[in-house]
Amino acid sequence: MNYVIPPAAVVSLPIVGSDQRFPVRRVYCVGRNYVEHAKEMGFTGREAPFFFLKPADAVAVCAAGDTVDIAYPSLTKNYHHEVELVVAIGTGGKNIAAADAVKHIYGYAIGLDMTRRDLQGESKKTGRPWEIGKAVDQSAPTGPITPITQSGEINSGNIALTVNGKTTQSSDVDKLIWSINEIIEHLSAAWELQPGDLIMTGTPEGVAAVVAGDVMVASCAGVESITVRLV
Ligand code: MN
């Protein structure tokens, strides 16, 4: 192909136990999907799931054993961590029933939905889009994908984040308000899912600001942990 400029590289994640890669198409994110996090953000009650996206090139690729540097972004004085279980879609589809959703999962990884909280707050107040707060460069550090054939279906297990060795977030995947299967049902009603899509499934309570120099370790039972340093 004779492009006028070089096309952007495909973002891809390592796969546990393989030298093949998982190419990323889209990054869907679920808002307020753990009760205690919804409360800390000032919301109560079960609401219908809602979604936003990050660009695929917001993924900061984290390999096992690496410390990955991400830049503290511009315009914010309140950059928050949100640790999330990430689902990787291997088979696309639309209007997927929750009962069939597991067949569409390729695997799982741990990820961070880094958020310019002050700008997201402004967006909420003014009724503007969330991209300025959420679709930030390098705002989706994501680890290696463990195929579901190795992990089995993940519907429970500790999910946690430490900052400089101190635990700030710790919960269990079984506390998701909308289960992974239900998320896939709702998402695929709104968009046709495709192989390569990632879904960040929401964060538990304990979100907090980090600053340059902080080192975060994100983990979830069944997948490989990641280490991310803000610089
Ligand atoms: Mn989030």
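Up top is the structure.
Conventions and cut-offs
- Residues numbered from 1 in each chain as written.
- Predicted model: local features only at pLDDT ≥ 70, side-chain atom pairs only at ≥ 80, totals over all residues.
- Heavy atoms only, no water.
- Donors = N, O, S within 2.8 Å, 3.2 Å for Na, K, Ca; no water.
- Helix = DSSP H or I, 4+ residues; strand = E, 2+ residues; numbered from the N terminus.
- Buried < 20%, exposed > 50% of the residue type's maximum accessible area, 1.4 Å probe, protein only.
- Arc of directions from axis to C-beta.
- Contact = heavy atoms within 4.5 Å.
- Salt bridge = Lys/Arg side-chain N within 4 Å of Asp/Glu carboxyl O.
- 1 Å grid on protein atoms, 1.4 Å probe; cavity = no way out; pocket = protein on both sides within 12 Å on 5 of 7 lines; lining within 4 Å.
- Points joined across faces, edges and corners; volume = space filled by probe spheres on them.
- Nonpolar A, V, L, I, M, F, W, Y, C, P; charged D, E, K, R; others polar.
- Core = buried A, V, L, I, M, F, W, Y, C linked by side-chain atoms within 4.5 Å.
- Polar contact = N/O pair within 3.5 Å; in protein donor to acceptor, adjacent residues only side chain to side chain.
- Pairing = 2+ DSSP bridges.
- Axes fitted to C-alpha atoms, helices over the stretch in contact; angles between N-to-C directions.
- Phe/Tyr/Trp six-rings, centres within 6.5 Å; stacked < 30°, edge-to-face > 60°.

### Remarks on the coordination of the manganese ion
In step 1: At 2.0 to 2.1 Å from the manganese ion lie its protein donor atoms, namely Glu82 (OE), Glu84 (OE) and Asp113 (OD).
In step 2: Each donor residue of the manganese ion lies on one chain, and together they are spaced E-x1-E-x28-D. You can see Glu82 sitting in the loop between strand S7 (79–81) and strand S8 (83–89) and its partner Asp113 sitting in the loop between strand S9 (105–112) and strand S10 (115–116), a full 31 residues away along the chain. Each member of the pair, Glu82 as well as Asp113, carries the same accessibility label: buried.

### Describing helix H5 (residues 180–190)
In step 1: Among all positions of H5, only Ile180, Asn181, Ile183, Ile184, Leu187 and Ser188 are buried. Angular distribution of buried residues about the axis of H5 spans 155°; they occupy a single face of the element. Facing away from the buried side of H5 by over 90 degrees, the exposed positions are Ala189 and Ala190.
In step 2: On the buried face of H5, the contacting elements are strand S3 (27–30), strand S4 (51–54), S8, S9 and strand S15 (198–200).

### Things to note about the pattern of salt bridges
In step 1: For the coordinates displayed, the defined rule picks out 10 salt bridges.
In step 2: Between Lys134 and Glu82 there is a salt bridge; the shortest N-O distance is 3.3 Å. You can see Lys134 sitting in helix H3 (residues 131–134) and its partner Glu82 sitting in the loop between S7 and S8, a full 52 residues away along the chain.
In step 3: Under the relative-accessibility criterion, Lys134 is labelled buried at 3%.
In step 4: Since its relative accessible area comes to 4%, Glu82 is described here as buried.

### Quick look at empty space enclosed by the protein
In step 1: Applying the stated criterion across every chain, the model contains 2 cavities of 30 Å³ or more.
In step 2: In this structure, the largest cavity occupies an estimated 90 Å³ of space.
In step 3: Lining the largest cavity are 17 residues, and of these Gly31, Arg32, His37, Glu82 and Lys134 sit closest to its centre.
In step 4: In terms of residue count, helix H2 (residues 117–126) provides more of the lining of the largest cavity than any other element does, 3 residues in total.
In step 5: Its residues assigned to classes, the lining of the largest cavity comprises 5 nonpolar, 5 polar and 7 charged.

### Regarding the nonpolar core
In step 1: Among the nonpolar cores identified, the biggest contains 44 residues, and Tyr108, Ile184 and Met216 are the most heavily contacted of them.
In step 2: At the level of secondary structure, the elements contributing two or more residues to this core comprise S3, strand S6 (67–70), S8, S9, strand S13 (158–163), H5, strand S17 (215–220) and strand S18 (226–230).
In step 3: When near neighbours in sequence (up to four residues on either side) are disregarded, Met216 contacts His81, Leu112, Met114, Leu161, Thr162, Val163, Val210, Ile226, Thr227, Val228 and Leu230.
In step 4: Core analysis: the next-biggest nonpolar cluster, separate from the first, contains 18 residues, Val11, Ile15, Cys29 and Ile145 among them.

### Overview of the side chain of Thr142
In step 1: With respect to the secondary-structure elements, Thr142 resides in strand S11 (residues 140–142).
In step 2: Polar contacts involving the side chain of Thr142 include one to the main-chain carbonyl oxygen of Ala140, which spans 2.9 Å.
In step 3: Every residue in contact with Thr142, bar those within four places of it in the chain, is listed here: Leu13, Val59, Ala60, Val61, Cys62, Val86, Ala109, Ile110, Gly111 and Ile226.

### Describing the sheet that holds S6
In step 1: One open sheet accounts for 5 strands, arranged S6-S18-S17-S13-S14; its pairing is mixed. Pairing within the sheet leaves two strands with one partner each, and these edge strands are S6 and strand S14 (166–172). Geometrically, the sheet is characterised by an average inter-axis angle of 20° between neighbouring strands, direction not taken into account.
In step 2: As paired strands, S13 and S14 are joined by 6 bridges and run antiparallel to one another. Within S14, the residue paired with Val163 across the bridge is Lys166.

### Observations regarding the packing of aromatic side chains
Aromatic ring pairs are described here by two measures, namely the spacing of the ring centres and the angle between the planes.
In step 1: Taken as a whole and assessed by the stated rule, the structure comprises 6 aromatic pairs.
In step 2: Relative to Trp191, the ring of Tyr28 has its centre 5.2 Å away and its plane inclined at 45°; by these criteria the two rings are tilted. Of this pair, Tyr28 sits in strand S3 while Trp191 sits in the loop between H5 and S15, and the two are 163 residues apart along the sequence.
In step 3: A relative accessible area of 0% means that Tyr28 is categorised as buried.
In step 4: Their ring planes at 85° and their centres at 5.8 Å tell us that Phe50 and Trp130 sit as a pair that is edge-to-face.

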